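Secondary and tertiary structure notes
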Amino acid sequence: MEFNSKGKSDQAILLLKKKKKEKKKKTSKAPLVCGIKAEVLGLACMARTLVEGAAIRWHSGDWSANLFLFPFLSFSSLQAKLSFGQREVTIQKGPLFRAAGYPISIGCNVTGHQGPAEQHFQWSVYLPKAPTQEVQIVSTKDATFSYAVYAQRVRSRGIYVERVRGNSVFLHISELQPKDSGEYECHTPNTDERYYGNYSAKTRLIVIPDTLSATMSPQTLHKEEGESLELTCEASKATAQHTHLSVTWYLMQDGERNQTTKIISLSKDFLLIPGSSYTERFAAGDVQLSKLGVATFRLSIGRLQPSDQGQLFCEATEWIQDPDETWTLITRKRTAQTALRMQPTVRDFQVNISAESTFTAGKSLELVCLVVGSGRDPLLQGVWFFNGNEMARMDAGGVLDLKGDYRQRASQGQLQVSKLSPKAFSLKIFSAGPEDEGVYRCAVAEMARAQMGSWQVLQSKRSPDSHVHLRKPAESSLWVKLMSRQPKVELAKTFGLSCIVEADYANLRVPLTVTWQFQPARSQVFHPLVRITHNGTIEWGGFLSQFQKKTKVLQSSFHSQLLIHDATEEEAGVYQCKVEVYVRNSLCTSGPVRASAISHSLMIAITLPESKLQVNSSSQVQEILINSNTNIECNILSRSTGDLQLAVIWYFSPSSTKATWLKILQMDKNNVVKYGDEFHTLRRKQKFYPEKVSQDLFQLHVLNMEDSDQGKYHCAVEEWLLSTNGTWLKLGEKKSGLTELKLRPTGSTVRVSKGYRTENATEHGEVAIHCSLESSGSSASLFSVMWYRNRENSGRKMLVHLQHDGLLEYGEEGFRRHLHCYRSSPTDFVLKLHRVEMEDAGLYWCRVTEWQLHGSPSKWVNQASDESQHMVLMVLPSEPTFPSRICSSTSLLYFLLVFPCILLILLPISLLCWYHKARKLSALSLKAQNEKALWVNLKGAGDWTTNRKEEEEEDD
């Protein structure tokens with residue numbers, strides 16, 4: 001082995017140099033590796049790269065280069081470069097097997113990109129006959145991108161791209177052809193500062209033949225209710241790939257050609273799933289689906305019902321599992337239809353009538369029609385006859401039809417027809433009189449639903465006749481009947497009430513005292529209105545304030561009538577009359593009462609008169625020059641009569657948004673003008689103002705037409721009636737047709753970036769929301785921006801307006817300390833929120849408007865505007881402080897309280913132990929020094945020379 005001048009071998013030197021070289025190589029790679037990950041790791045990684053790289057250059061003698069470059073690496077440029085990751089395009093994993101004649105959708109997504117949030121996508125295919133040749137299909141960026149072989153299908157929307165988000169799309173092919181097999185590529189054009197990542201991705205599509213078949217022989221079956229049904233269909237496939245088959249039976253009821261009802265299905269996972277209308281029958285075992293052999297599927301229905309009538313068919317669906325393990329439908333076939341006609345089972349029944357043979361005048365008379373037999377819960381129709389004439393009919397659906405005077409008696413509360421149970425109908429007459437004496441009969445028919453919702457009579461039966469007689473009154477008996485021809489009275493009209501005593505007491509002409517009573521709506525107490533004594537004295541009650549002034553009383557020996565003029569809502573309620581009969585020769589009301597009776601209750605409803613308001617509903621479009629004026633008309637075609645006033649409300653819907661209608665202003669019935677929330681600023685009030693041209697013509701004036709004024713306008717007219725008690729009542733409302741205002745084109749356009757974003761902010765911190773133009777526009781243009789917010793339960797609100805001249809206008813004065821709006825660059829606007837609160841969460845968006853000088857003298861005019869997408873701001877609770885963390889942790893709190901106590905106990909013990917140990921060490925040290933001194937004295941001077949020599953030899 002050879003050695004160099006320093007005694008090291010050449011082999012050792014080579015080995016050492018190799019290790020240093022490897023170490024240097026490893027160190028020099030650190031910045032490169034970190035640089036690759038810098039897009040992900042952020043600023044910290046780049047900083048470490050610069051520091052490590054600088055250290056390497058320092059050791060390699062290249063430090064001056066670092067000193068030259070370092071001042072140009074500003075923090076903002078680093079931050080800009082590190083705000084995005086590596087671009088990655090992903091496509092749906094293949095191979096994808098799809099059947100010819102059916103659609104396909106292929107998804108593509110891009111992440112980690114720079115530039116606008118809305119990325120463009122280009123789709124191409126590499127066909128098997130030329131696997132290296134790109135055939136361009138469709139692009140979101142270039143309408144001329146398609147090659148001729150695909151151009152026609154792209155134009156007809158047979159092939160198109162659907163954008164799901166700014167960075168995600170689907171390629172849709174509506175009807176696949178065998179020639180569509182190939183390798184499909186999704187490419188995103190570069191918008192990054194440098195190429196970094198992958199810009200395209202590929203997947204393979206294989207178009208296979210459609211081998212699915214589903215067959216069933218068409219036929220017409222006639223079944224009775226309760227019978228069973230079995231139908232079979234053949235469904236098979238011959239696909240080379242592994243696929244699953246699902247089979248579903250459907251019912252299409254007569255008259256519902258576009259609606260089908262699912263009966264039961266065998267899913268692709270081999271599960272039996274009944275339709276929602278057949279769940280209970282499936283659970284009871286009445287509906288089943290069985291697979292017989294390889295391709296036969298049988299539907300079994302145990303007990304048929306009338307609702308099963310219609311067209312039945314089965315549908316087979318073929319499914320394939322894609323590489324992402326999702327199942328996708330690739331083919332579907334339906335069989336021919338089988339018509340099922342149902343004959344409901346007819347069960348015999350009898351009809352009886354139950355009623356008292358006699359009744360007392362003024363008392364109630366009730367008759368019940370009972371059905372004995374028939375099936376369970378039958379559909380029955382009941383008809384009542386009196387003296388051979390039909391008086392009332394209630395169909396199987398519960399719809400009541402009254403004939404002649406019985407309709408009026410029912411509206412007055414004197415008669416009621418109802419269904420007591422599925423097999424019992426009731427006819428009840430309140431305060432029956434001599435006119436109700438006669439022969440009653442009922443007829444019942446069992447019904448079934450026929451086609452198109454009509455009813456079919458299965459069988460009909462009649463009850464025996466029931467003769468009902470009026471019981472002769474005793475000498476002291478009395479009954480009273482209350483009547484009105486107008487149970488529903490229009491406001492301000494006149495209505496009458498009649499209290500009748502029909503013939504024994506009337507013929508006797510005995511003295512009568514009549515008391516009218518009233519129970520207002522939503523009350524349980526009757527109040528006296530007026531009392532007419534048997535000697536003609538009228539005593540007015542004080543419950544209704546205006547009742548005496550507007551009521552006329554008419555009375556005879558057997559009849560009392562009230563005529564109430566100028567009806568108001570105050571008179572709506574229940575009326576009764578009470579009659580007292582006195583001894584014939586009695587001259588004062590204090591005499592003995594011979595008999596008394598109270599009529600049944602009668603409900604009087606006060607309704608508003610029918611509005612005859614009509615407004616011009618025709619629509620129009622106006623093209624207006626910028627900065628010019630226009631009028632929008634609201635024309636009244638007809639109106640109701642009476643003491644009426646009109647209120648007019650103007651609405652606006654901007655062209656650039658899909659927002660709901662905004663209220664511009666309202667001119668109320670007193671001609672007072674109030675502006676809507678979005679139009680209360682001085683500039684808006686100067687732009688829009690109303691005018692009442694005549695009684696039937698209203699106009700909205702729009703001054704200095706701007707881009708933001710483009711949109712649709714309409715008016716709503718309300719008709720108000722002044723009642724006699726001084727309250728205003730709304731009769732009706734009509735809307736006009738739409739008037740659309742458009743600016744004549746000037747060539748100016750504003751485009752705001754439409755990227756959808758979600759921003760997170762911390763409570764009590766700050767957040768900045770950005771709004772960007774896609775271009776800075778003309779040098780002669782100025783721009784303004786308005787920021788809006790929409791919070792849950794509070795609606796849309798304008799926050800701040802940065803005007804084109806730089807002035808700030810706040811929606812509310814309180815926003816001034818909380819918000820700041822400024823323009824950070826020619827194309828960027830920023831809304832900054834200081835000290836963010838939890839209630840600041842919501843949707844934010846901006847509206848940017850372009851302004852240019854027009855006219856002479858020149859004036860800044862709104863040219864065009866555009867709104868951004870909504871940005872979601874989420875506010876997160878602030879981090880807890882250190883003291884709050886301590887207080888919220890019980891174990892930590894106990895530790896901080898107990899640990900100092902333990903230290904105070906252990907510290908004296910430790911000091912005491914150290915003290916005893918130090919004393920012991922000191923004693924041992926003193927003893928050792930004494931022994932050494934004694935040993936030196938015994939050795940003598942000669943030993944010193946010997947020891948000195950030995951020490952020198954040791955040093956050598």
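Residues numbered from 1 in each chain as written. Predicted model: local features only at pLDDT ≥ 70, side-chain atom pairs only at ≥ 80, totals over all residues. Heavy atoms only, no water.

1. Comments concerning the overall build of the chain
What the chain contains, in helices and strands, is 13 helices and 63 strands. Expressed as a percentage of the 956 residues in the chain, the buried residues total 40%. (Helix = DSSP H or I, 4+ residues; strand = E, 2+ residues; numbered from the N terminus. Buried < 20%, exposed > 50% of the residue type's maximum accessible area, 1.4 Å probe, protein only.)

2. Examining the pairing of strand β17 (residues 296-301)
Burial analysis of β17 places five of its six residues in the buried class, which makes it a mostly covered element. Where strand β16 (residues 287-292) meets β17, six bridges bridge the pair, whose relative direction is antiparallel. The partner of Q288 across the bridge, within β17, is S300. What sits between the antiparallel neighbours β16 and β17 is a turn of three residues, in which G293 has the positive phi angle 80°. (Pairing = 2+ DSSP bridges.)

3. Structural notes on the sheet that holds strand β38 (residues 551-555)
What the four strands build is an open sheet, ordered β32-β34-β39-β38; its pairing is antiparallel. Strands at the two margins of the open sheet, each flanked by one partner only, are β32 (481-483) and β38. Shown here is a sheet whose adjacent strand axes are inclined to one another by a mean of 15°, direction ignored. One ladder, built from six bridges, connects strand β34 (residues 495-500) with strand β39 (residues 559-564); its direction is antiparallel. Bridge pairing in β39 links F495 to I564. (Axes fitted to C-alpha atoms, helices over the stretch in contact; angles between N-to-C directions.)

4. Quick notes on the pattern of salt bridges
What the rule picks out here adds up to 31 salt bridges. For the salt bridge of E571 with K550, the shortest nitrogen-to-oxygen distance reads 3.1 Å. Separated by 21 residues along the polypeptide, E571 in the loop between β39 and β40 (573-582) and K550 in helix α9 (residues 547-550) bring together distant segments of the chain. Note on E571: relative accessible area 1%, which makes it buried. A relative accessible area of 12% places K550 in the buried class. (Salt bridge = Lys/Arg side-chain N within 4 Å of Asp/Glu carboxyl O.)

5. Some thoughts on the state of the cysteines
By definition, a disulfide is the covalent link that joins the sulfur atoms of two cysteine residues. A full pass over the atoms with the stated rule returns six disulfides. One disulfide in the model links C369 with C442; its S-S distance is 1.9 Å. Negative torsions about the S-S bond denote left-handed disulfides, and the value of about 75° found for C369 with C442 makes this one right-handed. Here C369 is found in strand β23 (residues 365-373), whereas its partner C442 is found in strand β29 (residues 438-449), with 73 residues between them in sequence. Each member of the pair, C369 together with C442, is buried. Disulfide pairing is shown between C771 and C846; the S-S distance is 1.9 Å. One quick way to see it: the torsion about the S-S bond of C771 and C846 is about 55°, and its sign makes the bridge right-handed. Pair noted here: C771 is in strand β55 (residues 767-772) and C846 is in strand β61 (residues 842-854), with a separation of 75 residues, a long-range link. (Disulfide = S-S within 2.5 Å.)

6. Describing the sheet that holds strand β28 (residues 424-429)
Spatially, β21-β23-β28-β27 is the arrangement adopted by the four strands of the open sheet, whose pairing is antiparallel. What marks the edges here is a single partner per strand, and that holds for β21 (349-355) and β27 (415-421). In this sheet, neighbouring strand axes are inclined to one another by 15° on average, regardless of whether the strands run parallel or antiparallel. Direction of pairing for β27 relative to β28: antiparallel, over a ladder of six bridges. Residue pairing across strands places V417 opposite L427, the latter belonging to β28.

7. Section: the side chain of D866
Its place among the elements puts D866 in strand β62 (residues 859-867). Among the residues examined, D866 registers a relative accessible area of 13% and is labelled buried. Within polar-contact distance, the side chain of D866 engages the side chain of K754 at 3.0 Å. (Polar contact = N/O pair within 3.5 Å; in protein donor to acceptor, adjacent residues only side chain to side chain.)

8. What to know about unusual backbone geometry
Residues G94 and P95 are joined by a peptide bond in cis, for which omega reads 0°. Checked against the element boundaries, P95 lands in the loop between β1 (88-91) and β2 (96-99). With phi around 50°, N704 is a residue other than glycine that occupies positive phi space. You can see N704 is positioned in the loop between β50 (697-702) and β51 (711-722). The class for N704 is partly exposed, based on a relative accessible area of 29%.

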